[in-house]
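Residues per chain are reported as follows:
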Amino acid sequence: MVMLKIAPMLLLAACATETQLAPPIEVKVPVAVPCHAPAVPKPAWPMDILPDGASLYDQVKNLIAEIEARMAYEIQLESAVQVCQ
């Protein structure tokens, strides 16, 4: 009988106490952000437009031009990747 009288008081007393909340902790987490790098168009390679049966001089000339074109294309690709870093 005594427990029936004490139980409601204990329940009310439990509701009256103030709970101490821990202060929020700031956590820095890297978040992935989509990269909007400009699209680099693929150039027409000089060796692809060389006709079959072209002379050795034309082949070497186009190979040298293609090497230079590929180096320029690589620089453009590297700069597009660098935008995202």
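Please refer to the structure placed before this passage.
Draft legend 1. Inspection of the packing of aromatic side chains at higher detail. Tallied over the full model, the rule gives one aromatic pair. Relative to Tyr 73, the ring of Trp 45 has its centre 5.6 Å away and its plane inclined at 80 degrees; by these criteria the two rings are edge-to-face. With Trp 45 in the loop between α1 (2–16) and α2 (56–83) and Tyr 73 in helix α2, the pair connects residues that are 28 residues apart, well separated along the chain. Using a relative accessible area of 5% as the deciding quantity, one classes Trp 45 as buried. Cation over ring: Arg 70 sits above Trp 45, and NZ or CZ is 4.1 Å from the ring centre.

Draft legend 2. Summary view of α2. Over its 28 residues, α2 extends 41 Å from the first C-alpha to the last, a length consistent with the 40 Å expected when each residue adds 1.5 Å. Of all the residues in α2, the buried ones are Asn 62, Glu 66, Tyr 73 and Ala 80.

About the criteria used
- Within every chain, residues take consecutive numbers counted from 1 along the sequence as written.
- Only residues with pLDDT of at least 70 get local features here, since the model is predicted, and only at 80 or more are side-chain atom pairs given and counted; chain-wide, interface and lining totals rely on the full set of residues.
- Note that the side-chain values use all heavy atoms of the structure and ignore hydrogens as well as water.
- When the centres of two rings from Phe, Tyr and Trp lie within 6.5 Å, Trp using its six-membered ring, the rings pair. Their planes under 30 degrees apart give stacked, over 60 give edge-to-face, and anything left gives tilted.
- Secondary structure counts use DSSP, requiring at least four H or I residues in a row for a helix and at least two E residues in a row for a strand, with both numbered from the N terminus.
- Only protein chains enter the accessibility calculation, which uses a 1.4 Å probe; a residue is then buried when its area is under 20% of its type maximum, exposed when over 50%, and partly exposed in between.
- The rule is short: NZ of Lys or CZ of Arg within 6 Å of the ring centre and within 35 degrees of the ring normal puts a charge over the ring.
- Every helix has an expected span of 1.5 Å times one less than the residues it contains.

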